Amino acid sequence: MVKVSKSVNSSKPAFYTRECGQLFAMEGLIAAAIMITAAYLALGTVILPANADMHVSEMQLKQIGDDLLHMMDVPDGNGGTGYLESVVYNASPNRGPVANSQAGAAFNATFINYLRKSTGATINADTLRYSAAIYCVDDSGEVVRLPFANYGDNTGRNPSVCCARYVAANDWGLIGQSSSDTAVRLEVLLWRD
Amino acid sequence: MMKNDSGLLSLDFIVGFTVFLAAFIVVIGMLPGVYVNIQSSSADSGRDMTAYRTGVILAEDSGISSDGIPWEQQPPMRPENIVRLGLAVSKETPNILSPEKIERFYNVPAYFNLTADEYRAKLLFGERPRNFNISFKEDGKETLYIGDRVPDAGYGFSKCYVKVKDAGRLVVPAGDLTRDGVTIELPEGADEYIYRNTTSFILSHANLSDRSVPPAYRIDPKTERAVIVIGGINTVLGVQDGISSAVIESVGLFADGDEVAMPQNGGNEPYNMSNKPYICTVDGMPVETGSEIHVKDAGVLEFVLYPNAIYFPNSDSKLEIRFNMRYTCLTDGEYRFIQGETDYDYDSPYLIPLHLTDGVLEVCIW
């Protein structure tokens, strides 16, 4: 192409020179148009995959668990304490095994009651199971896991999701250790049986 | 001739590029179709995603309208002003639902009468038209639902646990409104004496919008109904034999001292279906709004003021709900009438703290 251009410039009248120049410009314009059009169309066809697309089932469990813990932590009246706060208070090891056991049973009753709630628009199969534990920090700074309540046993075959909420814990303490007003992590593993 | 031929070759080149460009565009244009096939293979997850999104919007969003007025307060003939539906009291209070929005959304009582297409356009937002069933049940109440019957299988599902905010309630024993006696003397030769007075309830916006009260427990008569209950009127007025009748002649609403014009039928205000700013019931029986309310033998008088932004034009505005009373006395004597002013605010000993009630919201999409 360059040779042709030189040849024309050297031997042809001026109007031929202008014509060839216009042709090269047209090629450039077309190339630009192709690139812009291709880029525009290519970008327009991009679909970003969302993780939720691949984990819809887990997402539903996660939402149910998070909603439940949230609602159980919201006081029914201004100035009151949420249900989780009251039940976690009794779950503190320094309250003794009887209070701890009663707290676990009370949590079970409430949580299962929530899980079974339904509007009746669909058949509400009672297939959700869970295991709850409380995580706190001991005097040495180590994280301690305290099994709290469970409904059904997960043998590891059923995929579960983890829902957690930090709950205010007053006068919380492990046996033989100091107690304080703190926050503990209430973690619920939720799965379908 | 050779130079002319070389010129023709360049034009051929242009034509070739044009053909190539056209082909390229067609090929690129086919690519979205390839992705559509992929999407259709995961239709189940598409339904679940729509159900999830719809549930979250309803439970966590308060909705929006094109003119800034809360969507549930739009006039019944202007549903087009609603941009997006949502049931939350506010964005600060996810999963805490407003009873006013629930009533409007489920059309109980009939108000907007939204069609299925309007629900899709203002809530589901999908390009693909979906069938839906959105149901809600508050503890102790009947299930509400919109949409079609849910099929046995093949639907997307989402469940949201929520709480419903109660209305602010001021419960006043009638005895506390009738502390002071009034001496009545019948005119010479008269058989009866008509005595008129007023009893008022004052709602202070500055007090009710107290920021120290969390939004979930805050009383807002601009967006939520306010309830006044006067109990045991019959034990006060009913036992005074000299009073032959006691009626509330009229109810006046005064914003910062100026009477609020009662809306007329056909107007845009207020928001409730019958264009009534309030409803009143005596012992559970509704009384025609605007007519006299006989209260002498009333056990419980319940007055429900529907929300309206015009009641509080300024941040420190006060709304006075004024009951204009009329008593007919047959004999001379000292009588105890309902009278005086009562504050409707957080400091009042008569205010029942707001209570949240559990509920569950289910969305089915297919």
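### So, the overall build of chain A
Piece 1. The helix and strand tally for chain A stands at six helices and four strands.
Piece 2. Listing each helix as α and each strand as β along chain A from the N terminus yields α-α-α-α-α-α-β-β-β-β.
Piece 3. Burial statistics for chain A: of 193 residues in total, 21% are counted as buried.
Piece 4. Taking the intrachain contacts of chain A between residues at least 6 apart in sequence as the baseline, contacts between residues at least 24 apart amount to 56%.

### Things to note about the pairing of strand 17 (residues 318-329) of chain B
Residues and elements named next belong to chain B.
Piece 1. As defined by bridge partners, strand 9 (residues 193-204) adjoins strand 17 across 12 bridges and the pair is classed as antiparallel. Residue pairing across strands places Phe-201 opposite Ile-321, the latter belonging to strand 17.
Piece 2. Sheet analysis places strand 11 (residues 243-255) next to strand 17, joined by 11 bridges and oriented antiparallel. Paired with Ile-243 across the two strands is Cys-329, which belongs to strand 17.

### Comments concerning the domain arrangement of chain B
Residue and element names in this part refer to chain B.
Piece 1. Segmentation of chain B into domains returns domain 1 (43-165 + 357-365) and domain 2 (168-353).
Piece 2. At the junction of the two partners, domain 1 supplies 16 residues and domain 2 supplies nine residues.
Piece 3. Across the side of domain 1 that touches domain 2, the residue classes break down as eight nonpolar, four polar and four charged.

### Focus: the pairing of strand 3 (residues 160-173) of chain A
All names here are of chain A.
Piece 1. Pairing analysis gives 12 bridges linking strand 3 to strand 4 (residues 179-192), with the strands arranged antiparallel. Its bridge partner being in strand 4, Cys-162 is matched across the sheet by Leu-189.
Piece 2. In sequence, strand 3 turns back onto strand 4 through a hairpin of five residues, with Gly-176 there showing a positive phi of about 80°.

### Structural notes on the nonpolar core
Piece 1. By size, the foremost hydrophobic cluster in this structure holds 108 residues, and its most contacted members are Val-88 and Leu-186 of chain A together with Cys-364 of chain B.
Piece 2. Broken down by element, the residue count for this core peaks at seven residues, all from helix 4 (residues 56-73) of chain A.
Piece 3. If we ignore the near neighbours within four places in the chain, the residues touching Leu-186 of chain A are Leu-69, Leu-84, Val-88, Ala-132, Ile-134, Ala-164, Arg-165 and Val-167 of chain A.

### Quick notes on the packing of helix 5 (residues 83-90) of chain A against helix 6 (residues 97-115) of chain A
All names here are of chain A.
Piece 1. Where helix 5 meets helix 6, the axes come as close as 7 Å, and the angle between the chain directions of the two elements is 150°. Considering their axes alone, helix 5 and helix 6 lie roughly antiparallel with respect to each other. Residue-level inspection shows Tyr-83, Val-87 and Asn-90 of helix 5 in contact with helix 6, the latter providing Ala-99, Gln-102, Ala-103, Ala-106, Phe-107 and Thr-110.
Piece 2. Counted by class, the contact of helix 5 with helix 6 contains six nonpolar, three polar and no charged residues.

### A word on the sheet that holds strand 4 of chain A
Residue and element names in this part refer to chain A.
Piece 1. Here we have four strands laid out as an open sheet, ordered 2-1-4-3, and antiparallel in their pairing. Strand pairing shows two members of the sheet lacking a second neighbour, strand 2 (143-151) and strand 3, which therefore form its edges. Going from strand to strand, the sheet's axes swing by 25° on average, the running direction of each strand aside.
Piece 2. Contacting strand 1 (128-137), strand 3 and strand 4, helix 5 crosses the sheet at an angle of about 65° to strand 3.
Piece 3. Sheet strands in contact with helix 6 are strand 1 and strand 2, and its direction is about 55° off that of strand 2.

### Structural notes on unusual backbone geometry
Piece 1. Cis geometry marks the peptide bond from Val-108 of chain B to Pro-109 of chain B, where omega comes out at 0°.
Piece 2. With respect to the helices and strands, Pro-109 of chain B occurs in the loop between helix 3 (99-105) and helix 4 (116-124).
Piece 3. If you check the backbone angles, Asp-171 of chain A has positive phi at about 50° while not being a glycine.
Piece 4. Within the secondary structure, Asp-171 of chain A is located in strand 3.
Piece 5. A tally of 12 C-beta atoms within 10 Å means that Asp-171 of chain A is categorised as exposed.
Piece 6. For Asn-107 of chain B, which is not glycine, the phi torsion reads 60° and is therefore positive.
Piece 7. Within the secondary structure layout, Asn-107 of chain B lies in the loop between helix 3 and helix 4.

About the criteria used
Residues numbered from 1 in each chain as written. Chains lettered and ligands numbered in written order. Predicted model: local features only at pLDDT ≥ 70, side-chain atom pairs only at ≥ 80, totals over all residues. Helix = DSSP H or I, 4+ residues; strand = E, 2+ residues; numbered from the N terminus. Buried ≥ 20, exposed ≤ 12 C-beta atoms within 10 Å, placed from the backbone. Contact = placed C-beta atoms within 7 Å. Pairing = 2+ DSSP bridges. Domains from an automatic or database assignment. Nonpolar A, V, L, I, M, F, W, Y, C, P; charged D, E, K, R; others polar. Core = buried A, V, L, I, M, F, W, Y, C linked by C-beta atoms within 7 Å. Axes fitted to C-alpha atoms, helices over the stretch in contact; angles between N-to-C directions. Parallel < 35°, antiparallel > 145°, perpendicular 65-115°, else oblique.

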